[in-house]
Amino acid sequence: MESELTPSCALEAQDVRKSYGSVAALAGVELRVEAGACVALVGESGSGKTTLLRCFNRTVEPDQGLVRIKGRDVLRLDPIRLRRETGFVQQEGGLLPHWSILRNAAMVPVLRDMEDAEDRARWALDLVGLPAKEYGDRWPTELSGGQRQRVAIARALASHPDVLLMDEPFGALDAITRTDLHETFAALRDRLGVTVLLVTHDLQEAFLLADRVAVMRDGTIHQLGAPGEIRGEPATAYVAQLVRRARVGEAT
Ligand code: ADP
Ligand code: MG
């Protein structure tokens, strides 16, 4: 039986569980992301962040629990269509190396048979500061790591998805490039109003970019709150420890 729909809720997980053998990657997760909000999933390696993110585009199928996107149970949606309609950015971008930048950026709209696929790709490349006139004909290897991540973001946005799933999109970048991309990301969110679920292992990054932060450990969410709440009122000793460590990082 389905419980009540919450129209303003873009992403919802209820008691989601997923095990790999004896490892409980997700051990009963509850999460709600309001439409237009950005929630960051933070936690150390192996805490279940990627597994949870992937439940929302059905690249992981939970053993138990309910996962909804825009009020619809993902298990009732066609998985291919769901993946094409949901923006997804991975750590290394995943650009196709033998495709030009413009073709990479147009990939999702082309897959969705959008007639204006190339215009959408140009629009998205403009958004991320890589105008197609200058960058469209280049190859991924001719771009810096930061520029490649910009293309990956453009590719995810080119079909105008309502929901963007990002798995450590800035994790492989140097500090200066990361700061540049943080600014671009914040401006894009303001402009597009897209709902974002952002995985990061960096609490500072989460505080900077997200409206709410979910601290994960061992497949559960220890605390979900605004950055000020997590900082000011850590719910568990683990969260308090992460906050302390992030402060030390800030000072260096
Ligand atoms: P995170 O993204 O926070 O680093 P993951 O969601 O990738 O964590 O992984 C959570 C746990 O599940 C880890 O212990 C990981 O080894 C395990 N795991 C994830 N995916 C698989 C898989 N496909 N097969 C086996 N174990 C997996
Ligand atoms: Mg991960």
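Structure shown above.
The written sequence of each chain sets the order in which its residues are numbered from 1. Lettering of chains starts at A and numbering of ligands starts at 1, both following the order in which they are written. Reporting of local features is limited, given that this is a predicted model, to residues whose pLDDT is at least 70; pairs of side-chain atoms are given and counted only at 80 or more, and all residues count toward the totals for whole chains, interfaces and linings. Processing note: side-chain calculations cover all non-hydrogen atoms of the structure and skip hydrogens and water entirely.

**Notes on the overall build of the chain**
Scanning the chain for helices and strands turns up 11 helices and 10 strands. With C-alpha atoms as the basis for the radius of gyration, the globule rule is written as 2.2 Å multiplied by the number of residues raised to the power 0.38. The C-alpha radius of gyration computed for the chain amounts to 18 Å, which stays within 12% of the reference 18 Å derived for 252 residues, consistent with globular compactness. Burial status across the chain gives 50% buried among its 252 residues. Here the Shrake-Rupley method, with its probe set to 1.4 Å, supplies the accessible areas, and only the displayed protein chains count as covering residues. Counting every atom, the chain has about 12100 Å² of accessible surface; 48% of that belongs to carbon and sulfur. Side-chain charges of the chain comprise 31 positive and 36 negative groups, with the mean position of each set lying 2 Å from the other. Numbering of helices and strands runs from the N terminus, with a helix taken as a DSSP run of H or I at least four residues long and a strand as a DSSP run of E at least two residues long. The buried label applies to any residue whose accessible area, calculated with a 1.4 Å probe on protein chains only, is under 20% of its type's maximum; exposed applies above 50%, and partly exposed to all values in between. Counting rule for charge: Lys and Arg are taken as positive, Asp and Glu as negative, and neither His nor the chain ends is counted. A charged residue contributes its charge at one atom only: NZ of Lys, CZ of Arg, CG of Asp or CD of Glu.

**Here's the deal with the sheet that holds strand β4 (residues 64-69)**
Two strands form a pair only when DSSP identifies at least two bridges running between them. Reading across the sheet, the four strands line up as β2-β1-β4-β5 and stay open at both edges, with antiparallel pairing between neighbours. Each having just a single partner strand, β2 (23-34) and β5 (72-73) make up the two edges of the open sheet. As paired elements, strand β1 (residues 9-20) and β4 share five bridges and run antiparallel to each other. Opposite glutamine 14, over in β4, you have leucine 66 as the bridge partner.

**Comments concerning the pairing of β2**
As a general feature of sheets, a regular strand has side chains that alternate between the two faces. Pairing of β1 with β2, which is carried by nine bridges, proceeds in the antiparallel orientation. Along β2, the bridge assignment pairs leucine 11 with valine 33. The hairpin formed by β1 and β2 contains two residues between the paired strands, and glycine 21 there has a positive phi angle of roughly 60°.

**A short note on the site of ligand 1**
When we say a residue is near a molecule or strand, we mean one of its heavy atoms is within 4 Å of it. All residues adjacent to ligand 1 are Tyr20, Val23, Ala25, Glu44, Ser45, Gly46, Ser47, Gly48, Lys49, Thr50 and Thr51. A distance of 3.2 Å separates an oxygen atom of ligand 1 from a polar backbone atom of serine 47. The fraction of the free accessible surface of ligand 1 (560 Å²) that becomes covered by protein chains is 59%. Elements supplying a minimum of two residues to the shell around ligand 1: β2 and α1 (49-55). The leading source of residues in the shell around ligand 1 is α1, at three residues. Polar contact is the term for a pair of N or O atoms within 3.5 Å; when the atoms are in protein, one must be able to donate a hydrogen and the other to accept it, and sequence-neighboring residues count only if both atoms are side-chain atoms.

**So, the packing of aromatic side chains**
Pairing of aromatic rings covers Phe, Tyr and the six-membered ring of Trp, with a centre-to-centre limit of 6.5 Å; geometry is then stacked below 30 degrees between planes, edge-to-face above 60, and tilted otherwise. Counted by the stated rule, this structure contains one aromatic pair. Centre to centre, the rings of phenylalanine 170 and phenylalanine 185 are 6.0 Å apart; their planes meet at 75°, and the pair counts as edge-to-face. Of this pair, phenylalanine 170 sits in the loop between β7 (163-167) and α8 (175-192) while phenylalanine 185 sits in helix α8, and the two are 15 residues apart along the sequence. Classification of phenylalanine 185 as buried rests on a relative accessible area of 4%. Sitting over the face of the ring of tryptophan 99, arginine 103 holds its NZ or CZ atom 3.9 Å from the ring centroid. Consider the ring centre and the ring normal. A charge sits over the ring if Lys NZ or Arg CZ is within 6 Å of that centre and within 35 degrees of that normal.

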